[in-house]
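A closer look at the structure
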Amino acid sequence: MRRTLPVLLALIAAALAATTTPAEASSRVEFGIQDDAWLEFGPGKLSDRVAELDRLGLDAVRVTLRWDQIETTPGSFRWSRADRLLLALHAKRLDPVVTLLGTPDWANGEAGPNVAPSSGADFASFAREAALRYRFVQRWVMWNEPNKPLWLKPASPETYVARILNPGYAAIKSVNRSARIAGGVTAPRGGNGGVSPVDFIHRMDRAGARLDAYAHHPYPVYAGDTPFAGGCACKTITMATLERLLRVVGQAFPSARVWLTEYAYQTNPPDVFGVSYAKQALYIGESARRVYAAPKVDLLIHYLYRDEPELARWQSGLETIDGRVKPARAAMMLPLAQVSRHGSSAGLWGQVRPGTGAQRYVLQQLVSSRWMAVGGTRPTNAQGYFSQLVLAPKGAQFRVWYPAGRVASPALRLN
């Protein structure tokens, strides 16, 4: 009887599982990653690294083009790095999300790359040249976190709109009317000398900002923040307070979409202020569900493929600095989240990102140290999403098995 108990329990779980259907919405959200250093200098060949991102099933890769490094003298451009990276991504049909950043010395009196250009016409000229060279790029991001003086001085929405956003918007649209341009690109809080994202949005609106999407980085900033809980009743905007972003952007720019162009949790180890590897993987699934259900959010970019070596920087990668894979890598391929609990039943949501079109997956439950199929092999919807209702107590563990890739998601412990 002891030998047959695990099988019996699994059969009961499968029989009692409620119907499985593809996920209920047809979300437009796409998922991507940014790690400029790893993409350019990581192990192996560039084609190998791009192929790895493709294997994860990602849709997009954010890449930064440094104006100050490309146009070091007026009218003379060094495109070799950008050519290598963007053409490699394009060849694998990974959509580049291109950020234009950094003022060259000649454009601001040698004040530094984080100081705004003296003339918006100079930035517009560079943006137009980039759009002409990379006509296949459809998503452009104007600067990075201009609400913080670390990235833009002055951290002024008015300066940002007049000298960067609007000139860049007009220049790129003159080349490619179908291109989508994101502005804002705000950090979750202004910090010392900066401007809160809420105030930055309001002032951008009053300054006449032109944009197709508002970009934001909803990083956690408070201990215990999760994708669904935490934050504050203030002007900071994290993933936990995503509704605040949607409300404020909707008031200022009613037709604009929302792109979340950086987001991640750092891990401990090595960062003592990070979360465990298991929580990082859990939050990848929860944040995917969060944006999937949010209106107007089209893009979520995970920050870093590999941890950065300096502890003062970021340790939010899918692998450690020495290449050891974290559970987050499998979570990036197969995000899974619990979305409901009603008595003895729990609602699960997930996605199979590799492949195109509907994919076959198996939901499995851990029963007496063995992973047992619940309901057999089933199809996702055309975007790879699925939802499933299961009968299981709190503490039960589930995972997604992807037969085509022979990979499983990290285990999800039910609440």
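Now for the confidence of the model for the chain. Per-chain confidence: the chain averages 94 in pLDDT, with 94% of residues scoring 70 or above. This model gives residues 1–21 a pLDDT under 50, and the stretch forms 24 contacts once residues within four places in sequence are excluded.

This part covers the state of the cysteines. For the structure on display, the rule yields one disulfide. Between Cys 232 and Cys 234 runs a disulfide, and the two sulfur atoms are separated by 1.6 Å. Judged by its relative accessible area of 30%, Cys 234 falls in the partly exposed class.

Right, let's get into the pattern of salt bridges. Taken as a whole, this structure holds 19 salt bridges when the rule is applied. Of the charged contacts, one joins Arg 81 and Glu 40 as a salt bridge, the two residues approaching to 2.8 Å between their closest N and O atoms. With Arg 81 in helix 5 (residues 80–91) and Glu 40 in helix 2 (residues 36–41), this residue pair connects regions lying 41 residues apart in the sequence. Assessed through its relative accessible area of 21%, Arg 81 is described here as partly exposed. Among the residues examined, Glu 40 registers a relative accessible area of 18% and is labelled buried. Between Arg 62 and Glu 262 there is a salt bridge; the shortest N-O distance is 2.9 Å. Note that Arg 62 is positioned in strand 3 (residues 60–66) and Glu 262 in strand 8 (residues 257–263), a separation of 200 residues in sequence. The same class applies to Arg 62 and to Glu 262, which are both buried.

Here we come to the nonpolar core. The biggest cluster of nonpolar side chains holds 118 residues, and the ones touching the most others in it are Leu 39, Leu 53, Trp 140, Met 142, Tyr 160 and Met 204. The element that contributes the greatest number of residues to this core is helix 7 (residues 157–175), accounting for eight residues. For Leu 39, the contacting residues outside a window of four places in its chain are Leu 46, Arg 49, Val 50, Leu 53, Val 61, Val 63, Leu 85 and Leu 89.

Within helix 3 (residues 46–55) the residues assigned to the buried category are Leu 46, Arg 49, Val 50, Ala 51, Glu 52 and Leu 53. Elements in contact with the buried residues of helix 3: strand 2 (30–34), helix 2, strand 3, helix 5 and helix 11 (327–333). Positive phi shows up at Gly 57, right after helix 3, with a value of about 80°.

Looking now at the layout of surface pockets. Its boundaries defined by the atoms lining it, the largest pocket holds a volume of some 1600 Å³. Mapped by element, the contributors of at least two residues to the lining of the largest pocket are helix 2, strand 3, strand 4 (95–101) and helix 10 (277–292). Ranked by residues supplied to the lining of the largest pocket, first place goes to helix 2 with five residues. Among the residues making up the lining of the largest pocket, the classes are represented as 24 nonpolar, nine polar and 17 charged.

Turning our attention to the pairing of strand 14 (residues 385–391). Here strand 14 lies mainly inside the structure; five of its seven residues are buried. Bridging between strand 11 (residues 345–351) and strand 14 involves seven bridges; their strand directions are antiparallel. The partner of Trp 349 across the bridge, within strand 14, is Ser 387.

Before going further, it helps to spend a moment on the packing of aromatic side chains. Using the criterion set out here, one finds 18 aromatic pairs in the structure. Taking 5.9 Å as the distance between ring centres and 45° as the angle between the ring planes, the aromatic pair formed by Tyr 160 and Phe 200 counts as tilted. Of this pair, Tyr 160 sits in helix 7 while Phe 200 sits in helix 8 (residues 197–206), placing them 40 residues apart in sequence. A relative accessible area of 0% places Tyr 160 in the buried class. On the basis of relative accessibility, which here comes to 0%, the residue Phe 200 falls in the buried class. Site record: aromatic cluster; members linked through ring pairs are Trp 67, Phe 77, Trp 79, Trp 106, Phe 123, Phe 126, Tyr 134, Phe 136 and Trp 143. The positively charged end of Arg 353 is found above the aromatic ring belonging to Phe 31, 3.9 Å away from the centroid.

Okay, the environment of Val 249 next. The residue Val 249 is located in helix 9 (residues 242–252) in this model. By relative accessible area, which is 1% here, Val 249 ends up buried. Setting aside its immediate chain neighbours within four residues, Val 249 contacts Ile 201, Tyr 214, Pro 254, Ala 256 and Val 258.

Spatially, the eight strands close up into a barrel ordered 2-3-4-5-6-7-8-9, and their pairing is parallel. Ignoring strand direction, the axes of neighbouring strands in this sheet form an average angle of 25°. As paired strands, strand 5 (residues 139–142) and strand 6 (residues 180–186) are joined by three bridges and run parallel to one another. The residue bridging Trp 140 from the neighbouring strand is Ile 181, located in strand 6. With respect to the sheet, helix 5 is in contact with strand 3 and strand 4, its orientation differing from that of strand 3 by roughly 170°. Those strands touched by helix 7 are strand 5 and strand 6, and its axis lies near 160° from that of strand 6.

Reading the values: the criteria
Residues numbered from 1 in each chain as written. Predicted model: local features only at pLDDT ≥ 70, side-chain atom pairs only at ≥ 80, totals over all residues. Heavy atoms only, no water. pLDDT = per-residue confidence, 0-100. Contact = heavy atoms within 4.5 Å. Disulfide = S-S within 2.5 Å. Buried < 20%, exposed > 50% of the residue type's maximum accessible area, 1.4 Å probe, protein only. Salt bridge = Lys/Arg side-chain N within 4 Å of Asp/Glu carboxyl O. Helix = DSSP H or I, 4+ residues; strand = E, 2+ residues; numbered from the N terminus. Core = buried A, V, L, I, M, F, W, Y, C linked by side-chain atoms within 4.5 Å. 1 Å grid on protein atoms, 1.4 Å probe; cavity = no way out; pocket = protein on both sides within 12 Å on 5 of 7 lines; lining within 4 Å. Points joined across faces, edges and corners; volume = space filled by probe spheres on them. Nonpolar A, V, L, I, M, F, W, Y, C, P; charged D, E, K, R; others polar. Pairing = 2+ DSSP bridges. Phe/Tyr/Trp six-rings, centres within 6.5 Å; stacked < 30°, edge-to-face > 60°. Lys NZ or Arg CZ within 6 Å of the ring centre and 35° of its normal. Axes fitted to C-alpha atoms, helices over the stretch in contact; angles between N-to-C directions.

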